[in-house]
Amino acid sequence: MKHSILHTVNQSPFSNNTLLQCLNTYTDGDGILFLENGAYAALLSQPASHLLENKTCYVIEVDLHARGLLEQELNADIQLINYETFVQLSTEYDVVQSWY
Amino acid sequence: MSNSLSSNESNTKKSSKKIGIVMRHAPYGNNLAHEALDAALATSIYGQELTLIFMGDGVFQLLHQQESKAIHQKNLEKQLTALEFYDIEKVFACKHSLDERQLKQNNLSINVAAIETEELQQLLHEQDVLLSF
Amino acid sequence: MSFSFNDKIIETDKEGYLRYLDDWSPHIAEQLAEYENVTLSEAHWEIIALIREFYATYELSPAMRPLVKYTATQLGKEKGNSIYLMQLFPNSPAKLISKIAGLPRPKNCL
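Below or above, wherever it landed, is the structure these notes cover. Only a predicted model underlies this, so the values are computations on that prediction, with no experimental measurement involved.

## Remarks on the packing of helix H2 (residues 42–58) of chain C against helix H3 (residues 64–75) of chain C
All names here are of chain C. Orientation of H2 relative to H3, taken along the N-to-C sense of each, is 105°, at an axis distance of 11 Å. One finds that H2 runs roughly perpendicular with respect to H3. Mapping the contact onto sequence places Glu46, Ile47, Leu50, Ile51, Glu53, Phe54 and Tyr58 in H2 and Leu67, Tyr70, Thr71, Gln74 and Leu75 in H3. Residue classes in the contact of H2 with H3 are distributed as eight nonpolar, two polar and two charged.

Structural data, given as structure tokens:
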């Protein structure tokens, strides 16, 4: 039976390849949630930005806000969410895999 | 997307869950590799379907000729070779990660199945629970 | 916790496992066994040597299942089974053998 995975990423795509490793295992039906320093992945300027096209992505809004990223040019494909939605998502997907 | 087991598997294997332990970090720099091994050994006792998956820098855990005495840490290589006594036989490594680091099976301390990206995706999506270290 | 042996203080944790593995000697083993009401025979020593060999090789104190399996591969099925080990080391053999053999408590023991 194929399960859906919610991938959480808390590393900046500018400093290491954690996001690339994650994308390597992503399949349709999965979601990627960016939190903490993972929030930098929401920047349009990040090196793997084009790889997020057609993928379901979320970012914790307060993590963007804290880092001063809300006024920067963001990837429009990424949904801004709060912690409540995070909790809800982690129950909606079958499995959670954290990339850190 | 739901957590209830709706497939016919649920009747036959009600208590057994597929647990995947994902190792992605190199050993010794932090305690993750040892914690992962502890988790694996502990889980093996409960008779769950256990799969170990090494990827990224985690494949460095598999390197042979580790000698960690001088840094006052337990030798992970020695501990991994004990897996057979814990009936942990499903051990996989991401082939791409091995290739990237130019590691070959004869550089490794235990037998692992090197799998292509597609098989890796499949394997991860089969698990009921993923524990990431 | 501690006990004294030949004028040396031997430290243990609160469950009675040696704090310093280098403190171990066969005499200490006899003392530890006595605390657990076990009298060591040849058969006991064989298993103690075996588990110390396991620890030297794998740097792990084995839980019951791996201990049984390892014993079976080294000494044969007659000894590599839980009944045999329970007779020698009652109740919780893996923990008891590790304790008497001067090894850390097996981490993953039920």
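Still more to cover.
## A short note on the sheet that holds strand E4 (residues 78–81) of chain A
Residue and element names in this part refer to chain A. Reading across the sheet, the five strands line up as E4-E3-E2-E1-E5 and stay open at both edges, with parallel pairing between neighbours. A strand with exactly one partner marks an edge of an open sheet, and here the two such strands are E4 and strand E5 (95–99). Averaged over all neighbouring strand pairs, the angle between strand axes comes to 25°, with direction disregarded. The pairing of strand E2 (residues 31–34) with strand E3 (residues 57–60) spans three bridges and is parallel. Note that in E3 the partner of leucine 33 across the bridge is tyrosine 58.

## Let's talk about the nonpolar core
One broad trend across soluble globular proteins is that nonpolar side chains are buried collectively. Counting 36 residues, the largest nonpolar core has Ile21, Leu52, Phe54, Leu83 and Ile88 of chain B as the members making the most contacts within it. Breaking this core down by element, the ones donating at least two residues are strand E1 (18–23), helix H2 (32–45), strand E2 (49–54), helix H3 (76–80) and strand E3 (91–94) of chain B together with H2 of chain C. Other than its neighbours up to four places away in sequence, leucine 52 of chain B contacts Ile21, Met23, Ala40, Leu83, Ile88, Lys90, Val91 and Phe92 of chain B. Formed by 31 residues, the second largest nonpolar core is a distinct cluster that contains Val9 and Cys57 of chain A together with Phe92 and Leu120 of chain B.

## So, the interface of chain A and chain B
Of the residues lining the interface, 23 residues belong to chain A; the matching set on chain B comes to 24 residues. Taken over both partners, the interface formed by chain A and chain B buries close to 2,100 Å², and the fraction arising from carbon and sulfur atoms is 50%. Broken down residue by residue, the surface that chain A buries against chain B is led by Met1, Asn24 and Tyr100 of chain A, which jointly contribute 30%. Counting across the chain A and chain B interface gives zero salt bridges. Inspection of the region where chain A meets chain B yields 11 residue pairs in polar contact (both at pLDDT 80 or more). For the side of chain A that touches chain B, the secondary structure elements donating two or more residues are helix H1 (18–25), helix H3 (83–92) and E5 of chain A. By residue number, the principal contributor to the side of chain A that touches chain B is E5 of chain A, which donates five residues. Looking at the side of chain A that touches chain B, its residues break down into eight nonpolar, 11 polar and four charged.

## Here we look at the interface of chain B and chain C
It is common to give the size of an interface as the accessible area that goes away when the parts come together. Taken together, the 17 residues of chain B in the interface contact 19 residues of chain C. Note on chain B versus chain C: buried area summed over both sides is about 1,700 Å², and carbon and sulfur give 54% of it. When the area that chain B buries against chain C is broken down by residue, the three leading residues are Ile45, Phe85 and Tyr86 of chain B, summing to 41%. As a salt-bridge pair, arginine 65 of chain C and aspartate 87 of chain B come within 2.6 Å of each other at their nearest N and O atoms. For the pair chain B and chain C, the interface holds nine residue pairs in polar contact (both at pLDDT 80 or more). Of all elements in the fold, only H2 and H3 of chain B reach the threshold of two or more residues within the side of chain B that touches chain C. Tallying contributions element by element places H2 of chain B first for the side of chain B that touches chain C, with five residues.

Conventions and cut-offs
Numbering of residues starts from 1 in each chain and follows the order in which that chain's sequence is written. Numbering of ligands from 1 and lettering of chains from A proceed in the order in which they are written. pLDDT decides what is reported in this predicted model: residues at 70 or higher carry local features, side-chain atom pairs at 80 or more are listed and counted, and totals for whole chains, interfaces and linings draw on all residues regardless. The side-chain figures draw on all heavy atoms in the structure; neither hydrogens nor water molecules are used. In this description, a line fitted to the C-alpha atoms serves as the axis of each element, helices being fitted only across the stretch in contact, and the angle between N-to-C directions of two axes falls anywhere from 0 to 180 degrees. Put simply, DSSP marks the helices as runs of H or I at least four residues long and the strands as runs of E at least two long, and each gets a number from the N terminus on. Note on terminology: angles under 35 degrees are roughly parallel, angles over 145 are roughly antiparallel, angles of 65 to 115 are roughly perpendicular, and the others are oblique. Residue contacts follow a heavy-atom distance rule, with two residues in contact if any of their heavy atoms lie within 4.5 Å. Ten residue types, Ala, Val, Leu, Ile, Met, Phe, Trp, Tyr, Cys and Pro, are classed as nonpolar, four, Asp, Glu, Lys and Arg, as charged, and the remainder, Gly among them, as polar. When DSSP finds two or more bridges between a pair of strands, those strands are recorded as paired. Each nonpolar core is a collection of buried residues, namely Ala, Val, Leu, Ile, Met, Phe, Trp, Tyr and Cys, held together in the definition by side-chain atoms within 4.5 Å. Relative accessibility thresholds used throughout: buried, under 20% of the residue-type maximum; exposed, over 50%; partly exposed, between the two (1.4 Å probe, protein chains only). Reported buried area values correspond to the accessible surface (1.4 Å probe) lost by two parts on association, with both partners' losses combined. A pair is scored as a salt bridge if a Lys or Arg side-chain nitrogen falls within 4 Å of a carboxyl oxygen belonging to Asp or Glu. What qualifies as a polar contact is a pair of N or O atoms within 3.5 Å, subject to a donor-acceptor requirement within protein and to the restriction that residues adjacent in sequence count only when both atoms come from side chains.

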